[in-house]
Amino acid sequence: MLSNQIIQKTVDEISSITNVELCVMDVETNYFAATVDEMESYRETAKKFVDSEADSQIIDGCQFFKVEYDGVMNYVVILKGESEEVYTIGKMLVFQLQGLIEAYQERYGKDNFIKNLLLDNMLMVDILGRAKRLHIDIHARRVVFLIETDMSKDQAPLELVRSLFAVQPKNFITAVDALPICGG
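Because the structure is predicted, anything quoted here is derived from the model rather than measured.

**Thoughts on the pairing of strand 5 (residues 72–80)**
Part 1 of the argument: Judged by how many residues are buried, strand 5 sits mostly within the fold: 7 of 9 residues are covered.
Part 2 of the argument: Sheet topology places strand 4 (residues 62–69) next to strand 5; 8 bridges connect them, and they run antiparallel. Bridge pairing links Phe65 to Val77 in strand 5.
Part 3 of the argument: Taking the residues that link successive antiparallel strands as the turn, the strand 4-strand 5 hairpin has 2 residues, and the phi of Asp70 there is positive, at about 55°.

What follows is the structure, encoded as structure tokens:
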């Protein structure tokens, strides 16, 4: 799930560009970001909208939109106004949030996937399916470097390795807290 700060920054920027008041809620209608406090009054209406079949709807002078990614509803976007211009701004915000969700899922999905591979926490059938969804070539040749440090939570070694290898877009650098001990 995206952080509140990222969503709030996106909402603030779009609101400042368009002069439209808006807010973003999760599917339980908890507020993630808003440009005005009075959007709180739309919580009950948003709950009904979440349960409806509509992807977008005008209710009580506001445009409501569902933000879905990969067939799952993640957020509800509410914009004040009923005009065609407000509708277009709402569709653009939905598109922006979907792009942010996709980038987040790809980045952290790959991170989680690689960690589980290293820790041997996945079945082969799951590996193939997730690799395909994350657009990871399963036939590519790879090299894994394991670097052990004495510093438990220091990020400097990780950042150093990232600065050395992250120039290439196909390189992947992650931190793994513990690997299984192999007997031998």
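**Observations concerning a nonpolar patch on the surface**
Part 1 of the argument: A surface patch of nonpolar side chains, about 680 Å² in accessible area, is lined by Val143, Phe145, Ile147, Leu160, Leu164 and Phe165.
Part 2 of the argument: Inspection of the secondary structure puts Leu160 in helix 5 (residues 156–165).
Part 3 of the argument: On the accessibility criterion, Leu160 (52% relative accessible area) is exposed.

Analysis parameters
Sequence order as written defines the numbering, with residues in each chain counted from 1. Predicted model: local features are reported for residues with pLDDT of at least 70 only, side-chain atom pairs are reported and counted for 80 or more only, and whole-chain, interface and lining totals are derived from all residues. In computing side-chain properties, one takes all heavy atoms of the structure into account and sets aside hydrogens as well as water. Remark: exposure states derive from per-residue accessible area (1.4 Å probe, protein chains only) relative to the maximum for the residue type, with buried under 20%, exposed over 50%, and partly exposed in between. Elements are defined by DSSP. Helices are runs of H or I of four residues or more, strands are runs of E of two residues or more, and each kind is numbered from the N terminus. Paired strands, in this sense, are two strands between which DSSP finds at least two bridges. Patch membership requires more than 30% relative accessible area and the absence of a salt bridge. Residues of like charge join within 9 Å; the nonpolar side chains Val, Leu, Ile, Met, Phe, Trp and Tyr join within 5 Å. Accessible areas in this description were obtained via Shrake-Rupley with a 1.4 Å probe; residue shielding takes into account the shown protein chains only. Every case where a carboxyl oxygen of Asp or Glu lies within 4 Å of a side-chain nitrogen of Lys or Arg is listed as a salt bridge.

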